[in-house]
Amino acid sequence: MEWTDALRVGNEVIDTDHEVFVAEVNAAVAASDEDFPKHFAELVEHTRAHFAREESIMDATGFFATGIHKAEHQRVLAEVARVADRLEAGDATFARSYVAEHLPAWFRQHRDTMDLATATFARQAGYSGA
């Protein structure tokens, strides 16, 4: 997955988190079998913090679809936890496939819908903080 300006949503906090997310995905995909679990754990930790920052923006602006967006974050975190369990049980092939194929596709769709709407709403609300 390549980070480009076309992936920006116009909110510095979200855009920075997305750029780091792309880098974390790429690092995990490129990691050796030995290093993959460490990179996967870093990706999971970043994703948790990234979602929390987005949710603080939603809360601060009274975003109209906060419940839906937060529910999607919780769904993804639960999914990632199941992948982590499989990785810990020795199924690195499944975890690698998830990171290389599923996460990039999910990210693009999520960015184009929920994150873009959140950033647009925040901008229209005059929100400039984090």
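The coordinates are above.
Every chain's residues receive numbers from 1 upward, in the order its sequence appears when written. In view of the model being predicted, local features appear only for residues whose pLDDT reaches at least 70, and side-chain atom pairs are presented and counted only at 80 or more, with totals across whole chains, interfaces and linings using the full set of residues. As a rule here, side-chain values come from all non-hydrogen atoms in the structure, and water together with hydrogens is ignored.

Caption draft 1: Highlighting the overall build of the protein. A run of H or I in DSSP counts as a helix once it spans at least four residues, and a run of E counts as a strand once it spans at least two, with each numbered from the N terminus. Summing up its helical and strand segments, the protein has four helices and zero strands in all. Computed over C-alpha atoms, the radius of gyration of the protein comes to 15 Å, within 12% of the 14 Å expected from 2.2 N^0.38 for 130 residues, which places it in the range of a compact globule. Projected onto the principal axes, the alpha-carbon positions of the protein cover approximately 45 × 30 × 20 Å. Exposure classes here rest on a 1.4 Å probe applied to the protein chains alone. A residue is buried below 20% of its type maximum, exposed above 50%, and partly exposed in between. Out of the 130 residues belonging to the protein, those deemed buried represent 42%. Shrake-Rupley sampling with a 1.4 Å probe provides the accessible areas, and residues are treated as covered by the protein chains on show and by no other component. Here the protein displays about 6,700 Å² of accessible surface, and carbon together with sulfur accounts for 54% of that area. Separation between the mean location of the 12 positive side-chain charges and that of the 23 negative ones in the protein comes to 3 Å. Every radius of gyration here is taken over C-alpha atoms, with the globule rule written as 2.2 Å times N^0.38, N being the number of residues. His is not counted here, nor are the chain ends, while Lys and Arg score as positive and Asp and Glu score as negative. Here the site of a charge means NZ on Lys, CZ on Arg, CG on Asp, or CD on Glu.

Caption draft 2: The nonpolar core, seen in detail. Grouping buried Ala, Val, Leu, Ile, Met, Phe, Trp, Tyr and Cys residues that are joined through side-chain atoms within 4.5 Å yields what is termed a nonpolar core. Within the largest apolar cluster, 23 residues are counted, with the highest numbers of intra-cluster contacts made by Phe36, Phe40, Val99 and Leu103. Counting residues per element, the ones that place at least two in this core are α1 (12-30), α2 (36-61), α3 (66-88) and α4 (92-124). With sequence-adjacent residues up to four places away left out, phenylalanine 40 is seen in contact with Val80, Val83, Ala84, Leu87 and Val99. Membership of the second largest hydrophobic core comes to six residues, among which are Val9, Ile14, Ala119 and Tyr127. Throughout, a contact is declared for two residues whenever any of their heavy atoms are within 4.5 Å.

Caption draft 3: Structural context of the packing of aromatic side chains. Here is the rule: rings of Phe, Tyr and Trp (six-membered ring for Trp) pair when centre to centre is within 6.5 Å. Planes less than 30 degrees apart are stacked, more than 60 are edge-to-face, and the remainder are tilted. Taken as a whole and assessed by the stated rule, the structure comprises six aromatic pairs. Aromatic pair phenylalanine 63 and phenylalanine 121: ring centres 5.5 Å apart, planes at 65 degrees, arrangement edge-to-face. You can see phenylalanine 63 sitting in the loop between α2 and α3 and its partner phenylalanine 121 sitting in helix α4, a full 58 residues away along the chain. Looking at phenylalanine 121, the relative accessible area reads 22%, which means it is partly exposed. In textbook terms, an aromatic cluster arises when at least three aromatic residues are bridged by ring pairs, as seen for Phe63, Phe64 and Phe121.

Caption draft 4: Inspection of the environment of leucine 77 at higher detail. Positionally, leucine 77 belongs in helix α3. For the pair formed by leucine 77 and arginine 48, sequence separation is 29 residues and the distance between their alpha carbons is 7.3 Å. If we ignore the near neighbours within four places in the chain, the residues touching leucine 77 are Thr47, Arg48 and Phe51.

Caption draft 5: Up close: the packing of α2 against α3. Where α2 meets α3, the axes come as close as 11 Å, and the angle between the chain directions of the two elements is 170 degrees. On the basis of the axis angle, α2 is roughly antiparallel to α3. Across from Phe36, Pro37, Phe40, Val44, Thr47, Arg48, Phe51, Glu54, Glu55, Met58 and Asp59 in α2, the residues of α3 making contact are Thr66, His69, Lys70, His73, Gln74, Val76, Leu77, Val80, Val83, Ala84 and Leu87. Convention adopted: a line fitted to C-alpha atoms gives each axis, helices being fitted over their contacting stretch, and angles between N-to-C directions are expressed from 0 to 180 degrees. An angle below 35 degrees is read as roughly parallel, one above 145 as roughly antiparallel, one from 65 to 115 as roughly perpendicular, and any other as oblique.

Caption draft 6: View of the environment of leucine 43. Among the structural elements, leucine 43 can be located in helix α2. On a C-alpha basis, the gap between leucine 43 and alanine 122 in space is 26 Å, while along the polypeptide they are 79 residues apart.

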